[in-house]
Every structure is written in C-alpha cells, then in structure tokens.
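An overview of the molecular structure
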Amino acid sequence: MSIYDFMTMRHELILVCLVLLVLIIDLNLKKSQKHRIIPIAISLFFIHTVIGFLPAQTGELFGGMYKTTGLTILMKNILNVGVLIILFQSTTWLKKEENGEKISEFYILLLSTLVGMNFMISSGDFLMLYLGLELATIPMAALAAYTHHQSRSAEAGIKLILSSALSSGILLFGLSLIYGSTGSIYFDTVGALYSNAPMQVLAFIFFFTGMAFKISLVPFHLWTADVYEGSPVNVTSYFSVISKGASAFILIMVMYTVFHSIAYLWKDIVYLVAVLTMTIGNLFALRQKNMKRFLAFSSIAQAGFILLGIIGGNKIGMTATVYFVLVYIFSNLGAFGVISAISAKTGKESMDDYDGLYATNPKLTLLMMLSVFSLAGIPPVAGFFGKFFLFTSAASGGYYWLVFIAVLNATISLYYYLLVVKAMFINKNDTPIAFFKSDIMTRIGLFVCALGIFVIGFWSQVYEFIDKLTFAIIN
Amino acid sequence: MNILSLFILIPLLTIIAILFTGNMKQTRVVSAIGMGIQLLMSALLIYLYLTERNAGNTAAMLFYYDAVWFPTLNIHYTIGVDGISVAMIGLTSIVVFAGIFASWMVDYLYREFFISLILLASGVFGFFISLDLFTMFLFYELAVIPMYLLIGLWGSGPKEYSAMKLTLMLMAGSALLFVAILGIYFYSAPSGSQLTFNLLEIAKNKIPIEMQRFLFPFTFIGFGVLGALFPFHTWSPDGHASAPTAVSMLHAGVLMKLGGYGVFRVAIYLMPEAAHEQAWIFLIMTGVSVVYGAFGAVVQKDLKYINAYSSVSHCGLVLFAILMMNQTAMNGAVIQMISHGLMTALFFALIGMIYGRTHTRLINEMGGLMKVLPFLGVVYVIAGLASLGLPGLSGFVAEMTIFVGSFQHTDTFHRVLTIVACSSIVITAVYILRVVGTLLFGPIKNDHFLHLKDAMWFERLSTLTLLIAIAAIGMAPLWLSNMINFSLGPIVEKINGVATVAGLF
C-alpha cells in the first residue's frame, strides 16, 4: 500500500485537512477579527468542491471496508455543492454579533458531519457505515444547539441527540443480528448470504428503522419538526437537505446491494412507509404557520416521494433518486435561502410576515416562488422532472396505485405551497418586510439556487450522466 | 428552424421583451405586437399547411420535427401538426390576440399580468404542437399554473378561493393523467423493445386490453376535468366568475379545449378498445353535462356564471360528440371546440367590458343597455345568436354536424341520448334570449347607466376580431371542415377498426 492508494479517499482526506486548517487559522485570529474566517473557510471549501470534480481513481481500501466508485464520487460532489450553497447563504447570519466568537465552530462542526457522510457513502461494510453515521450525527446535535442561549435551540440539540442515540441503538441491534446470522459485516458477503430467515428479516427491519429515523420517515419522524424549528435556519437547511440526501443515498445503495435477495419483502414495507410518510407529512404541513416547521413537514413528504425511487428496484429508480436529491437540494435550499436571508435581517419566520413581500422584495419572492413550485413539481422548473422520473421508476415496477397516491399527495402539497405564494403575492399587508439587501455571498448562494432550479431540468445531460453510474438490484 | 417551434419561441421572446419595458404603454404595445405576430404566424401556418396538403402530402403529421431529449427514457421533443391541431392553433392565437386588447387597461402590476397571460398562452401552443406525451404533459401543466396568480391577483369577488379551487381541481385532474401517461408509456411497445412517449409510435402498438380498461378512465377523467365534465366541472363557474376578463376568455376559449383535444388525441386514439367498451358510462356523464350546464345557466343571475355554465354545456357537447366515435360527429366536435372557443371568448370579453362600465354583473340590476352601448349591445346579440345556433354563424355548423353525426348510430341508447342532448339547444335559447332581453332592452334601471360610453377602439378591435372569425366559420365552414376531415379520416378508421370488442349497448 502506498501513499498513492490513499488518493481514492481524496474527498475525506481533504475535508479533514480543511477542518484542521480552519481550526488552526481560527486560533491565530484576534477576537475582533474572528469573522475573517468566513471568506477563508468558504474559499477553502470552494477549492475542495472543485477538486472533487477532477477525475479521480476508483478502488477499495482496507480490504473492502472503504470503496470509491464513480457513483460515490458523484454523490459526494452533489453533497459538496449543496454544502457550498449553504455556506454562502449562511454568511449574513454568521456575521451577526451574537455569533462573534464561534464562527469557526460552525464550519468545523458542519464539515465534520460532512466527513461522516462521505465515509457512509463510501462504506463497504456495516462497521464503516456505522462509524460514518455516528460521525455525521453527533456534531449535528452541537450544530442544532448552536445558538445555545436560546432555549429552543438547546432543546433542539438535546432532542436530536436523544433520538439519534435511540435510532443508532436500533440500527446497531439490527447490525448485530446481521453479523450473527451471516458471520460477516461486508456488504458483498452479507448480500450473498442473505435470505428470508426470520432473524434476517428482523435484522433488516431494525436496520431500516434506524435509517428511517435519519431520513425522518413516518412513523419515525416525530423529532423532525421540533429540531428543525429550534435550530438556526442554515443548520435546519443542512439537516433537511444534505443530511437527508446523504441518508437517502446510503439507504438506496444498501437496499440494492445488501438486501436485494429479500427485495420482494422490503418492497411491501417501503410501499406502506411511503404512503404513510407522504400523507402524514402533507397533512401536518397543511396547518403550519412557521416557515421552518412548514418546510420541515413538507420535507417529510418529500422523503416519502424518494421512497418511490427505491421501490422501483431498477436502474431508473436509482438514477431518479439521485437526480431527485440533486434537484431537491437546489429547490429546498432556494426556499431555505430566502427564509434565512429574511430571518437574518428581520428575525421574522412566520408565514404571516411574508404577506405582501412581492411589493418590497420582488427578487426574493420570485426565488421563493420558483423554489416552492419546484418542490411541488410544477413545470418548467427542475422539480417537475425530478418527480416525473421518480414516479416513472415506481410505475415501471407496476405500482400504479402508489403513483396515483403520490401524485394526489403532490396535489395536496401544491395547496400549501400555493399558500406561500398567496401570502407573498396576494395577501395585503400594511407593514410588509422592508426592502433589504443581503451581503454579496448570500446573494451568490441564492442566485446559484435559482440557476440550478431553472437549468437542471432542461439540461438532460445531468440525468444521462447520473444514469451512466447507477445500477439496478443485483439478481 | 421548424415553423412550429416558433409558436413557443415567440411568446417566450415577448415575455423577455416585456421584462425590459418601462411603463404600462410599452408593456401592452409589446404584448400586442408579440401576439399579433403570433396571429400572423398561425395564418401563415394554415396557408402553408393547406399548400402542403394540396401538393399531395398525405403524411399524418406535417412539419414534423423530432429531437432526442432524455435518451435513456426515450423522451423526445417531437412536434408536428395535422388539420385538427392547426385549427386549434388558429383558435388560440385569435383568442390570445383578442385577450390582449381586452385587458388593455390593466394597470395593477401590468407587467406581471401580461407575462402570466402570455406564459399561459405558450403552454397552450406547446400542448397543441406536441406529439410526445412527456412534453405534452409538461405544457399542459405549464398552461394551468399561471391561472392561480392571474385569478388570485387580478380577479374579483372571492378570487382567492376560486383560484385555489381551480388550480387544485385541475392539478388533481392532471394527477390522474400522470398515472395514465406512465401506464401508456410502459405498454407503448411490445415487451423487450424500446418504450416510447411518441403518440404516433404508440398508436402503432396495441396496448393490452386489461391495461386499457384501467388506464382509459384515468385519461378520460384527467382530461375531462379540464373539459368541465360533470361532476368535475365545479371549478369552472367559480373560476370563470372570479377571473379577470382576458383570463376568462383564454380559459373558457382555449384552455378548456385542451381537455377535449386531449381526450381525442390521447384517450380515444391510443385506447380505442377500452373507449368502445366504456363509452356508454362517459356518454351518460357528458350527456348530463350538456343538459345540466344548460339548466344551470338558466337559473344563474350573474352574467359570468351564466356564461360559465353555458361553457359547461357546450364543452360537454364536445366530449359527447367525440365519444360518438364516427367521422361526422368528431368533425362536429372539433368545429364545436373552435366555435365555442370564439363565442365564449367574445362573451367574456363583452361581459368584462360591460362590467367595467356598470360595475355589476347581475342581470336584474341592468336593462336597456342597447340604448347607451349600441356597439357592445349589437355584438352581444350576435354572440348570443351564434351561441344558440343561428344558421350563418359558427354555432349552427358545429351543433348541426354533431347531432347529425350522433344520430347515425341506429341503436336506442345513442338515439335517446342524442335527443336528450338536443334539448340543450332549446334551453340555450331560453337563457340567451332572457339575458339579451333583460340586459339590452327594456327600461334603463339606473340613471348612472345613461352616461356610459360605448366601446373604445381597443375593445372594438378585440370583439371584432372574434366576431369576424365566428362569422367566417358560419359562412364558409367547408374549408375548415375539409381541413379537419382529412386528418380525421385515418384516425376514425383506426378507432373503428377495432370493432371486435363490442360495447355494452
């Protein structure tokens, strides 16, 4: 093994170096200069993102514990782009007085969880998967409690850590059953040995439950709304976009490679969970007035849609899932970006505060409208394509009724997305949010989202590129 | 560049141009120029189409253009037109052109208004030229969604409620359609070969009858919601009543035709066996639409509601005729789509203009308007006569053809239904003449009405454009009928070539 072999771990290694670098630079900054870390961290991460797109070698490390394939690189790059947008969008908020001394902590914690997610995506056995998961979860609780002087934020942190601990426990129990029944933790070996023996089915259910917690599928979603509402906006967007996207990536990979022999079993479970998740997520979202809570529930419903890609079990399904997550990153970050910009400037987070926004802040309003239309799957923006392909994959498996339920749910979701549009355009307000300008970096972050929402759908090469790397359930 | 792509491109360029306009005057001039070009383009298209046909080109679709979009799923950007789509494009550009002039005085957020209006129009144009189910669906939804803002922002009355109801009901309809399109896609080719969204390719393949039984209702009702099929029509009266003038015109005149066109082009064309089997259910539903809509119009007091219910009745007639599945009736259905599109657009334009002057739409509060508004009054009478089917105007041609076609079925079921549907002609006469009588003649009930000014130049332009088209179809229906018939022939042949499966009746 040479140093050169470690280049397959390029994404994680650079990211770890980056975290350390931010830490060291921060140590050398005077108290009054702490905010200088913002441009440094962003440019460093920008370089990292660009490097991620350079051609890389694929291969295995540590006897198959760690794997890099074209698909894992793609997934990591998608997450990197999302994180980069979040970093851009968070500058206005981070510059606020109250965050003065802990700016670098935001970057360190955020990037550590990203390292964990990268390891999860690249994992070749359950041990690596679990290590990555923990690395991705624990700093996240600290992030949720980032504004710890607010009790809501502290509450979000403790809620997240408790429910994560529980879900990790369940997951781990499932893993131990898997190890006990197959004698291996490597994906390939386990996949080859897996059958529908009761213990192994049970093991799968535990594993699925553990992952369902992370993606906040119904009925394991109860922590989501409180945590999302309590955390700072940019952290919330990280939870609901990056963390959820990464978990969806991992879930579909493990379902397709490890549990393929009981696919006929888990398809029923996924069917049921998908219907529950879409419907309940939507029904709760209908009544939300706080924008963050509203997006939290709508993102639960979106997670239900993602399951439609998994249930197809074929190549279209995996491509559609990855594609949907990519689209979802841009559309949801567009919505969160607007919320964060408004929240950072005015502190307002309720939907009523958005009344009459179009008169004062037309650009933000248009981006918000694009984002919610994309989330609702309205053409011509990217969300339409994402949803169309997801549903196509489910229909390819013959699940027409599931598709029907999903499209009906998409119609229900359109109702509450239109409520936002209605608030901004139609509702009258005597004291609308005054016109304001965010700083340049935040605006870049918002602009990139708008661009992505417009371009990704029409630019079919994106889909074709993903399709080259994905695979179907091994038979 | 293919001439058809211009029909999407010109509206989009107009929208971009509107973004750079400085004031209300420039905005509406730019919109008028853009849609004026569009109108000329569609005249050119009709001319080119007829030349091509006269030169002996018998291909099903002319100006065919195909570009691969998503290779792995075999999604294409496929466009092409036959006589039916050319006629629909002509209708759309006339109504949009008239709509721009009918909304000449919109001053609240005028730029956004015209952008949304033209975006809606581009969706409709895209729908009519598409031959690929994916792009067709994309344009379909694109045409529906601007309605929300158009009604919600510029509407009147309970506009927020109406806008939401309309959008959600139409989107629920498109949810049914979505399932149907996916189902058609996965049975579009014999198993093992490349699946396709291309309408012409799918038509060559026979979708298994079990799947047809499942998918046909989805497709029919999905499009039927937009075609105001009873009992899914309830969005239509509310939506039309709350919408601003141009939007009512475009929506009743053009957008509701998407339903009929889609039923014809997708549901019946691709799934003829199921269509024959299930036609009786939907014939009853459409029959109810026709009669119920007409009775609904009789009892309404608000001008827009009257016209909205009459649209339900007339659009029901379109679906009714399509389900008769013979050449004459289907020909009538297409002419009825065009005729009703022009008539109802004219009605809504006039209602908008009258409302703008009297500030009421309740017929009881008005009277004697003919004395103060002679131009609008005369046009209203002509539109009314067209609507109740006076020979010499378009309504007569359409309804006559439909009922002659329907009566060609010799069995009792079809005969009875046809007679029931025929009764709508009488009911239509009742409500049209009643409205004309109270609204235009009799004493003036409000002194304020004495000072009303008759139509301005842009209002005259808007109404005359529509009026000329109505009269032209009424006087010389043959060229339109021929254009439609030529394309209809092979389609009807295909639909009735599957006589092996008999219907229930």
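It should be emphasised that the depicted structure is a prediction, and the values quoted were computed from it without experimental measurement.

Description of the overall build of chain A
Per the secondary structure count, chain A includes 20 helices and 2 strands. The C-alpha radius of gyration computed for chain A amounts to 21 Å, which stays within 12% of the reference 23 Å derived for 475 residues, consistent with globular compactness. If one aligns the C-alpha atoms of chain A with their principal axes, the spans along those axes are about 65 × 55 × 40 Å. Per-residue burial over chain A gives 60% buried out of 475 residues. The long-range share in chain A, meaning contacts at least 24 apart out of those at least 6 apart in sequence, stands at 80%.

Comments concerning the overall build of chain B
Broken down by element type, chain B carries 20 helices and 2 strands. Principal axes of the C-alpha set define a box for chain B whose edges measure 75 × 55 × 45 Å. A buried classification covers 60% of the 505 residues belonging to chain B. Partitioning the intrachain contacts of chain B with sequence separation of at least 6 by distance along the chain shows that 80% fall at a separation of at least 24.

Re the packing of helix α7 (residues 159-186) of chain B against helix α10 (residues 235-242) of chain B
Residues and elements named next belong to chain B. The contact between α7 and α10 brings their axes to 8 Å, and the two run at 135°. One finds that α7 runs oblique with respect to α10. When you trace α7 past α10, the crossing you get is left-handed. In contact with K159, S162, A163, K165, L166, M169 and L170 of α7, α10 contributes W235, D238, G239, A241 and S242.

Overview of the interface of chain B and chain A
Residue-level contacts link 25 residues of chain B with 25 residues of chain A. If you tally residues by element for the side of chain B that touches chain A, the top one is α7(B), at 12 residues. Residues belonging to the side of chain B that touches chain A are distributed by class as follows: 19 nonpolar, 4 polar and 2 charged.

Quick word on helix α1 (residues 10-27) of chain A
Over its 18 residues, α1(A) extends 26 Å from the first C-alpha to the last, a length consistent with the 26 Å expected when each residue adds 1.5 Å. Where α1(A) is buried, its residues contact α2 (37-53), α3 (70-89) and α5 (103-122) of chain A.

Considerations on α3(A)
End to end, α3(A) covers 29 Å across 20 residues, agreeing with the expected 28 Å (1.5 Å per residue, within 8%). For α3(A), the tally of buried residues reaches 17 of 20 residues, placing the bulk of the element in the interior.

A closer look at the environment of B:L270
All names here are of chain B. Turning to its location among the elements, L270 is positioned in helix α11 (residues 245-270). Overall, L270 belongs to the buried group, with 25 C-beta atoms counted inside 10 Å. Sequence separation between L270 and L199 is 71 residues; the distance between their C-alpha atoms is 7.8 Å. With near-sequence residues (within four places) excluded, L270 lies in contact with I184, I202, A203 and I207.

Observations concerning unusual backbone geometry
The amide bond that connects A:V218 to the next residue, A:P219, takes the cis arrangement and shows omega of 5°. With respect to the helices, strands and loops of the structure, A:P219 is situated in the loop between α9 (198-215) and α10 (222-230). B:F230 connects to B:P231 through a cis peptide bond whose omega is 0°. Inspection of the secondary structure assignment puts B:P231 in the loop between α9 (209-226) and α10. For A:F62, which is not glycine, the phi torsion reads 50° and is therefore positive. Residue A:F62 is classed as partly exposed on the basis of its 13 C-beta neighbours within 10 Å. Residues other than glycine seldom take positive phi values, yet B:H359 does so here, at roughly 60°. Here B:H359 lies in the loop between α14 (327-358) and α15 (369-372).

Considering the nonpolar core
Counting 377 residues, the largest nonpolar core has A:F391, A:V403, B:L250, B:L346 and B:L350 as the members making the most contacts within it. It is helix α14 (residues 315-346) of chain A that contributes the most residues to this core, 20 residues altogether. Residues in contact with A:V403, not counting those within four places in the same chain, are A:F391, A:A394, A:A395, B:V179 and B:L182.

Observations regarding the confidence of the model for chain A
Overall, the prediction assigns chain A a mean pLDDT of 88, with 99% of residues at 70 or greater. When mean pLDDT is taken per element in chain A, α3(A) scores highest with 92 and strand β1 (residues 59-61) of chain A scores lowest with 83.

Re the pairing of strand β2 (residues 75-81) of chain B
Residue and element names in this part refer to chain B. The element β2 is largely enclosed, with a buried count of 6 among its 7 residues. In this sheet, β2 lies alongside strand β1 (residues 62-70) in antiparallel orientation, the contact comprising 6 bridges. In the strand pairing of β2, A67 is matched with Y77. With antiparallel pairing between neighbouring strands as the criterion, β1 and β2 make up a hairpin whose turn holds 4 residues, including N74 at a positive phi of roughly 60°.

Thoughts on the packing of helix α18 (residues 400-425) of chain A against helix α6 (residues 146-154) of chain B
Two elements in contact, α18(A) and α6(B), have axes whose closest approach is 11 Å; the angle formed by their N-to-C orientations is 40°. Overall, the two elements α18(A) and α6(B) adopt an arrangement that is oblique. Classified by chirality, the crossing of α6(B) by α18(A) is right-handed. Residues A:L418, A:K422 and A:F425 of α18(A) pack against B:Y148, B:L149, B:G152 and B:L153 of α6(B). Here the residues of the contact of α18(A) with α6(B) are counted per class, giving 5 nonpolar, 1 polar and 1 charged.

Notes on the confidence of the model for chain B
Residues and elements named next belong to chain B. When pLDDT is averaged along chain B, the result is 86, and 98% of the positions lie at 70 or above. A low-confidence stretch, residues 500-505 (pLDDT under 50), is modelled with 11 contacts involving residues beyond four sequence positions or located in other chains. On the interface metric, ipTM, the complex scores 0.90, and its pTM is 0.92.

Rules behind the numbers
- Residues numbered from 1 in each chain as written.
- Chains lettered and ligands numbered in written order.
- Predicted model: local features only at pLDDT ≥ 70, side-chain atom pairs only at ≥ 80, totals over all residues.
- Helix = DSSP H or I, 4+ residues; strand = E, 2+ residues; numbered from the N terminus.
- Rg over C-alpha atoms; globule rule 2.2 N^0.38 Å.
- Buried ≥ 20, exposed ≤ 12 C-beta atoms within 10 Å, placed from the backbone.
- Contact = placed C-beta atoms within 7 Å.
- Axes fitted to C-alpha atoms, helices over the stretch in contact; angles between N-to-C directions.
- Parallel < 35°, antiparallel > 145°, perpendicular 65-115°, else oblique.
- Left-handed = near helix turned anticlockwise from the far one by under 90°.
- Nonpolar A, V, L, I, M, F, W, Y, C, P; charged D, E, K, R; others polar.
- Expected span 1.5 Å × (residues − 1).
- Core = buried A, V, L, I, M, F, W, Y, C linked by C-beta atoms within 7 Å.
- pLDDT = per-residue confidence, 0-100.
- Pairing = 2+ DSSP bridges.

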